[in-house]
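Each chain, written out:
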Amino acid sequence: MFLRRLDRYDRFGIRSLFEPSLQGKLGGAWQSGIVQTPSDSGNFIFLVTLGGKRYHDVLYEDGYIRWWSQDKQRLDMPSIQRFVAHDSSQNNIHLFIRCLGQREYVYLGLLEYIQHDLEKQKPCEFVWRVMRWGLSGSDLTQLRLPFSPPLMPVRMQSNLPMAPVKLLEVAPPRRLAKPIWDGAQGSATKQTAGDVDWALRDERNRNLGDRGEKLVLQHEIAKLVDAGRQDLADQVEHVALVDSRAGYDIRSFEVDGRELRIEVKTTAGPKSAAFFISANEVRASAKFPEEFRIYRVFQIRSKDDQAGFYVLKGDVTEVLDLVPSSYRALPLAVDEAD
């Protein structure tokens, strides 16, 4: 059994997923609403009950959640500071949620930190966002979860109906000569005013990326079913929904049973369009060179019934020209006298 988004679990089922060696009665942190597992890992499970009298957690239609910590926690405590500094690319916070009176929790996915109240403590109040939300009010009603109107309605994106899309595999584009990196100018190529920066546009379009992943997931399942491998098709997993640290989106298989770790990159642009890739994804490709694949889905549009994709295999440093485009910045240590 593996974790699936929107499935229901009781506390024993959740514990068996994350700490299968534990048996018997629930004890320790597993009786509370916050579980760190493994111990001191920075990875947490939030078990939230909506409508309770003790805490006033609120789920919003646009995927935000107003969450209260445990009663005795203060803002200066290391446990709370760890939540404030949460980096969803390095650690996971899993959200399991239910309504008061329900035994089982619905797994909604992974959380990213948005903000916290600087004045409230004992308990502390946070706002989190469920990553890769993609749910509507009617979905939440069907899940029997109470919710409030959107917290940030201007940021909501409507899920318009899309025509069924068939993916057609093509050969990768010819590899160009490696660009010369101009560190002083901060760019490898000069872009004219008329050029479209497809990589930047696609990076800002979360719905486009989610759609590409779903298409590849369906493609992989159909591939295995058509080959008579229903046993493998049943094990295909949308990893990005449950583990943001993995460095890839989908776990699938070759027909002969060899495992595949697939990172999906989607664009409305042409086959030749550039794309962004994270340091975490680069590390995953180096760690699993035999299994790692990039599925580059291109020319995906709402009205078209087909889109193309090509596959790149192995360590991406050997099949891609990687050009630095941003930096993670922290202030340098300075003398307090300064």
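Scroll up a little and you will see the structure.
Cut-offs and rules
- Residues numbered from 1 in each chain as written.
- Predicted model: local features only at pLDDT ≥ 70, side-chain atom pairs only at ≥ 80, totals over all residues.
- Heavy atoms only, no water.
- Helix = DSSP H or I, 4+ residues; strand = E, 2+ residues; numbered from the N terminus.
- Phe/Tyr/Trp six-rings, centres within 6.5 Å; stacked < 30°, edge-to-face > 60°.
- Buried < 20%, exposed > 50% of the residue type's maximum accessible area, 1.4 Å probe, protein only.
- Pairing = 2+ DSSP bridges.
- Axes fitted to C-alpha atoms, helices over the stretch in contact; angles between N-to-C directions.
- Salt bridge = Lys/Arg side-chain N within 4 Å of Asp/Glu carboxyl O.
- Expected span 1.5 Å × (residues − 1).
- Contact = heavy atoms within 4.5 Å.
- Core = buried A, V, L, I, M, F, W, Y, C linked by side-chain atoms within 4.5 Å.

*Asks:* Got a minute to help me understand unusual backbone geometry in this structure?
*Replies:* In terms of backbone geometry, most residues other than glycine have negative phi values and most peptide bonds are trans. Residue P38 is bonded to the preceding T37 through a cis peptide linkage, with omega at -5°. Tracing the chain through its elements places P38 in the loop between β2 (34-36) and β3 (44-50). Note the cis peptide between K122 and P123, where omega equals 5°. Positive phi values are uncommon outside glycine, yet R132 reaches one of about 55°.

*Asks:* Any chance you could explain the packing of aromatic side chains here in plain terms?
*Replies:* For any pair of aromatic rings, geometry is given as the distance between the ring centres together with the angle between the planes. Enumeration over the complete set of coordinates arrives at 17 aromatic pairs. Look at F96 and Y107: their rings are 4.8 Å apart centre to centre, the planes differ by 35°, and that puts the pair in the tilted class. Placement of the pair is F96 in strand β6 (residues 93-99) and Y107 in strand β7 (residues 105-116), with a sequence separation of eleven residues. Take F96 and Y107: they sit in the same class, and that class is buried. Look at F126 and W128: their rings are 5.5 Å apart centre to centre, the planes differ by 15°, and that puts the pair in the stacked class.

*Asks:* I would appreciate a short explanation of the sheet that holds strand β10 (residues 250-253) in the present structure.
*Replies:* Sheet strands pair by backbone hydrogen bonding; their relative direction is either parallel or antiparallel. Taken in spatial order, the five strands line up as β9-β13-β12-β11-β10 in an open sheet, and their pairing is mixed. If you trace the sheet from one side to the other, it starts and ends with β9 (166-169) and β10, each paired once. This sheet shows a mean twist of 35° between the axes of neighbouring strands, independent of strand direction. Here four bridges tie β9 to strand β13 (residues 306-313), and the two strands are oriented parallel to one another.

*Asks:* Teacher, can you tell me more about the pattern of salt bridges here?
*Replies:* Pairing is possible between side chains that carry opposite charge, provided their charged atoms lie close to one another. According to the stated counting rule, one finds 20 salt bridges in the structure shown. Where D249 meets R132, a salt bridge forms, and the shortest distance between an N and an O atom there is 3.6 Å. Of this pair, D249 sits in the loop between α6 (230-233) and β10 while R132 sits in the loop between β8 (125-130) and α3 (137-142), placing them 117 residues apart in sequence. For D249, a relative accessible area of 4% corresponds to the buried category. A salt bridge links R245 to D243; the nearest nitrogen and oxygen atoms lie 3.2 Å apart. Sharing partners across several salt bridges, the network here consists of R132, D210, E213 and D249.

*Asks:* What is the right way to look at helix α5 (residues 206-226) in this model?
*Replies:* For an α-helix, 3.6 residues make a turn, and residues three or four places apart therefore share a direction. Along its 21 residues, α5 runs 30 Å from first to last C-alpha, staying within 8% of the 30 Å computed at 1.5 Å per residue. Regarding α5, the residues found buried are L208, D210, R211, G212, E213, L215, V216, L217, E220 and L224. Phi turns positive one or two residues past the end of α5, at G228, with a value near 80°.

*Asks:* Whenever I open this one, the side chain of S88 confuses me. Can you help?
*Replies:* Structurally, S88 is set in the loop between α2 (78-84) and β6. The exposure class assigned to S88 is buried, which follows from its relative accessible area of 16%. If sequence neighbours within four positions are ignored, S88 has contacts with L111, E112, M131 and S244.

*Asks:* Sorry if this is basic, but what is going on with the nonpolar core here?
*Replies:* Buried together is how nonpolar side chains tend to be arranged in soluble globular proteins. Residues F46, L59, F83, L95, I97, L108 and W128 are the most contacted members of the largest nonpolar core, which totals 26 residues. Sorting the residues of this core by element identifies β3, β5 (64-68), α2, β6, β7 and β8 as the ones contributing at least two each. For this core, the element with the highest residue contribution is β3, accounting for four residues. Apart from residues no more than four positions distant in its own chain, F83 is found in contact with I34, F44, F46, W67, I93, Y113, F126 and W128. Formed by 21 residues, the second largest nonpolar core is a distinct cluster that contains A233, V236, V297 and A307.

*Asks:* Sorry, what's going on with the environment of L17 here?
*Replies:* By the element assignment, L17 lies in helix α1 (residues 11-18). C-alpha of L17 to C-alpha of L3: the two residues are 14 residues apart in sequence and 7.1 Å apart in space.

*Asks:* Hey, could you run me through the pairing of β8 in this one?
*Replies:* Looking along a regular strand, one sees the side chains alternate between the two faces of the sheet. Of all six residues that make up β8, six are buried, and the element is covered over most of its length. Neither face of β8 is open: one carries E125, V127 and R129, the other F126, W128 and V130, and all of them are buried. Of the strand pairs in this sheet, β5 and β8 are connected by five bridges, and their pairing is antiparallel. Note that in β8 the partner of W67 across the bridge is F126. Note that β7 and β8 share five bridges and pair antiparallel. When the bridges of β8 are listed, Q115 appears paired with V127.

Just distances and angles here, no functional claims.
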